[in-house]
Amino acid sequence: MTELSPALKQATPVLAARGEGVYLYDEDDRRYLDFTAGIGVTSTGHCHPRVVEAAQRQVGTLIHGQYTTVMHKPLLQLTERLGDVLPSGLDRVFYVNSGSEAVEASVRLARHATGRPNIIALEGGFHGRTMGAAALTTSGVKVRAGIGPMMGGVVFTPFPEPYRWQCSTEQAVQRALAEFDQLLLTQSSPRDTAAIIVEPVLGEGGYIPAPPQFLAGLRERADAHGFLLIVDEVQTGVGRTGRFWGHDHAGIRPDVLITAKGLASGFPLSAIAASEELMSKAWPGSQGGTYGGNAVAAAAALATLDVVEQEGLVANAAEQGARLAEGLRKVAADHPVIGDVRGLGLMLGNEFTTPEGTPDAATAARAHAAAAEAGLLLLTCGPAGNVVRMIPPLIVTTEQVDAAIELWATAVRSAVAS
């Protein structure tokens, strides 16, 4: 009998039968508040009628038109539509299927465009599980363990972590930028550095926002030394943080932007965007892929962008994210085991720590399991697995946020009492 790989570990015990909006339903029709959104993918909720209609219509006309063989209107229309939301000047787009593929495509482009070998990544960052993307990832050893040696030419610099470092945000930024400058003196000469890649909010690394002044500092150094700034918006993009792009909070402009996850409401689609000048430096044959820019996924993405705009989902993410954060902080105030609540928009993490300040993954796991039992689906993250994250669809309402906070409070009480 064929079964799934034993290496696949399910985060919740739910066997999902259907989804509707912010809810998942199991085979017994029990309803769960889904604050995982498929790891930030179902941005418009499960089976949004407009996304469903767009995909169904496209399935009936053209499912797959391989885009280096033939072209199709959904992809051309999506490319034009992305021009309304991409940062100014990033006017050329290349499509693939997953965040990992887009990350690797960005590395390839950076090395081609600059003629330099090295990529600087942030400690705690997550960029994917394929070999090149994993080489840039240090969110946890599970991504890299047992598969070395990793891709060469990668060096790491600290991400500012005020809570872990027990200092102010300003001090954390100063320390992180000083370490970055030291790296350029000791590990990767600016003349050997093609790019730095950064998430506006560490995702798997613990839901830690990058302070605006830190991203501004990276932009300044990239400009000063002639290397590229690649912003990985796979999880933070398309409104997740209460701005359309996570880097918008810092008011900077990346040289390369990577997007995926919430772009197509659950259909596999990712892209990298850069300027015409930069993208034209990619070597012939370096961009392509059998399924990249799939017609059905492109149609779903077009519908997703329309829903995000017309239903005001970016503003809703900011409003409901602020409400959710306030509620989570009230729960944390009653339970010192939650040492920190942080994030941006509808991307929030609860870090569990012992009285000594060390990671408390056991209590986090109990709270996570208790929440699922109560009807609230969540995920964990962080190197030690001690951060419980909340990442609901952008359509979430005030009533659903309040319900989630109540369920979370019950779960934490149960976890602490165990």
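Residues numbered from 1 in each chain as written. Predicted model: local features only at pLDDT ≥ 70, side-chain atom pairs only at ≥ 80, totals over all residues. Heavy atoms only, no water.

- Identification of the protein as (S)-3-amino-2-methylpropionate transaminase from Saccharopolyspora rhizosphaerae is taken from an unreviewed UniProt entry.
- Of the comments in the UniProt record for the protein, the one headed Sequence similarities (unreviewed entry) reads "Belongs to the class-III pyridoxal-phosphate-dependent aminotransferase family."
- Database annotation for the protein, UniProt heading Pathway (unreviewed entry): "Amino-acid degradation; 4-aminobutanoate degradation." (UniProt positions renumbered as here; feature names shortened; annotations may be inferred.)

Thoughts on the environment of L269
Reasoning step 1: Position of L269 among the secondary structure elements: in the loop between β11 (256-259) and β12 (270-274).
Reasoning step 2: The buried category is assigned to L269, whose relative accessible area is 3%.
Reasoning step 3: In this structure the C-alpha to C-alpha distance between L269 and A299, which are 30 residues apart in sequence, comes to 11 Å.
Reasoning step 4: With near-sequence residues (within four places) excluded, L269 lies in contact with L78, Y95, V96, N97, A260, K261, L263, A264, G293, A297, A298 and A301. (Helix = DSSP H or I, 4+ residues; strand = E, 2+ residues; numbered from the N terminus. Buried < 20%, exposed > 50% of the residue type's maximum accessible area, 1.4 Å probe, protein only. Contact = heavy atoms within 4.5 Å.)

What to know about the nonpolar core
Reasoning step 1: F35 and W408 are the most contacted members of the largest nonpolar core, which totals 91 residues.
Reasoning step 2: Residue assignment places this core across two domains, with domain 1 (16-34 + 312-417) and domain 2 (51-311) each supplying three or more.
Reasoning step 3: F159, F214, L218 and I252 belong to the second-largest nonpolar core, a separate cluster that totals 26 residues. (Core = buried A, V, L, I, M, F, W, Y, C linked by side-chain atoms within 4.5 Å. Domains from an automatic or database assignment.)

Re the environment of R92
Reasoning step 1: By the secondary structure assignment, R92 is in strand β4 (residues 92-96).
Reasoning step 2: Classification of R92 as partly exposed rests on a relative accessible area of 34%.
Reasoning step 3: Here the alpha-carbon distance between R92 and E276, two residues 184 residues apart in the chain, equals 5.5 Å.
Reasoning step 4: Aside from chain neighbours lying at most four places away, what touches R92 is I272, A273, A274, S275, E276 and M279.
Reasoning step 5: One polar contact links R92 to E276, side chain to side chain, over a distance of 3.3 Å. (Polar contact = N/O pair within 3.5 Å; in protein donor to acceptor, adjacent residues only side chain to side chain.)

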